[in-house]
Amino acid sequence: MSKDDGKRIENYGDSYRFTASSRVRRDGDVIWIPELYCHNGHSLMDTGVTFDGYPSVHILVRTGDEVMGDVDFYLSSIVNDQRKQGPELPRGVPYAIACPTCGEEFKRLIPCTCQVGAYRRAIYLTPDPGELAAVGICECYDCPRSFVTEEGDLLYEVVVEQTKPRG
Ligand SMILES: [Zn+2]
Ligand SMILES: [Zn+2]
């Protein structure tokens, strides 16, 4: 775990059965997700950008900036791995994030605690959103708060302890 940022992962998935075909996989200490989809069933996986050999998750970020426009981001498919490839963006601002294939924005699931007005948006472990297997990612650049649900049950959640002001 990292030292000072208060980030940690809650594991609710002790009884989860990892297999060679499960929607969430385990290789040693690495927990990762092999397939992710938008709500219209488009695969978001990209093998052109990888992290530790695992495929990345390709999303579109609507910067709202006239010059930058929509930018491509590649997120790590490893649970609780903040690495990503994409341009530097201003922090602490919620961005609309969308599917690079259909261009539709991912649905807002629940508010994020990082700031008022920020939400965690849904991408799915199966092509059918009705199966209730989802990853929720915050729409703020650099916010690590995320979670994984399978069949409606929370499996993992990355939380950040609110640090008390010093002095
Ligand atoms: Zn799509
Ligand atoms: Zn957040």
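Now for a quick tour of the structure. Because the structure is a prediction, the values reported are computed rather than measured.

### A word on the overall build of the chain
Part 1: Tallying secondary structure elements over the chain gives zero helices and 13 strands in all.
Part 2: Going residue by residue from the N terminus, the α and β elements of the chain occur as β-β-β-β-β-β-β-β-β-β-β-β-β.
Part 3: Radius of gyration (C-alpha) of the chain: 16 Å, near the 15 Å computed for a compact globule of 167 residues.
Part 4: Considering the chain as a whole, with its 167 residues, one finds that 31% of them fall into the buried category.
Part 5: Contacts in the chain between residues far apart in sequence, at least 24 positions, make up 48% of those at least 6 positions apart.

### Details of the sheet that holds strand β10 (residues 119–124)
Part 1: Reading across from one edge, β1-β13-β12-β11-β10-β9 is the order of the six strands in this open sheet, with antiparallel pairing throughout. Both outer strands of the open sheet, β1 (7–11) and β9 (108–111), are each paired with one neighbouring strand and no more. Strand after strand, the sheet turns through a mean of 20° between neighbouring axes, direction not considered.

### Overview of the nonpolar core
Part 1: Judged by nonpolar contacts, the single largest core of 36 residues is most densely connected at L36, L44, I59, I123, Y124, V135 and V148.
Part 2: Of all elements in the fold, only β5 (54–62), β6 (70–76), β10, β11 (134–138), β12 (146–150) and β13 (153–160) reach the threshold of two or more residues within this core.
Part 3: Excluding its chain neighbours within four sequence positions, the residues that come into contact with I59 are L44, F73, L75, I97 and P100.

### Considerations on unusual backbone geometry
Part 1: In this structure, D52 takes a positive phi of about 55° despite not being glycine.
Part 2: Tracing the backbone shows D52 in the loop between β4 (45–51) and β5.
Part 3: The exposure class assigned to D52 is exposed, which follows from the 12 C-beta atoms found within 10 Å.
Part 4: We note that L132 has phi near 60°; this positive angle belongs to a residue other than glycine.
Part 5: You can see L132 is positioned in the loop between β10 and β11.
Part 6: Since 14 C-beta atoms lie within 10 Å of it, L132 is described here as partly exposed.

### What about the environment of S146?
Part 1: With respect to the helices and strands, the residue S146 is situated in strand β12.
Part 2: Judged by the 20 C-beta atoms lying within 10 Å of it, S146 falls in the buried class.
Part 3: Spatially, the C-alpha atom of S146 lies 8.9 Å from that of V79, the residues being 67 residues apart in sequence.
Part 4: Those residues in contact with S146 that lie beyond four places of it in its chain are R120, V135, G136, I137, C138 and V158.

Rules used in this analysis
Each chain has its residues counted from 1, following the order in which its sequence is written. Following the order in which they are written, the chains are lettered starting with A and the ligands numbered starting with 1. Local features are withheld for residues below a pLDDT of 70 in this predicted model, meaning they are given only at 70 or higher, and side-chain atom pairs are given and counted only at 80 or more; totals for whole chains, interfaces and linings count all residues. By the criteria applied, helices consist of DSSP H or I runs no shorter than four residues and strands consist of E runs no shorter than two, each listed in order from the N terminus. Radius of gyration means the value over C-alpha atoms here, while the globule rule gives 2.2 Å times the residue count to the 0.38 power. Here a residue counts as buried when 20 or more other C-beta atoms sit within 10 Å of its C-beta, as exposed when there are 12 or fewer, and as partly exposed otherwise, the C-beta atoms being derived from the backbone. By definition, residue pairs are in contact when their C-beta atoms, positioned from the backbone, come within 7 Å. The rule for pairing is simple: two strands pair if DSSP sees at least two bridges between them. For helices, the axis comes from a line fit to the C-alpha atoms of the stretch in contact; other axes are also lines fit to C-alpha atoms, and the angle between any two N-to-C directions lies between 0 and 180 degrees. Put simply, a nonpolar core is a cluster of buried Ala, Val, Leu, Ile, Met, Phe, Trp, Tyr and Cys residues tied together by C-beta atoms within 7 Å.

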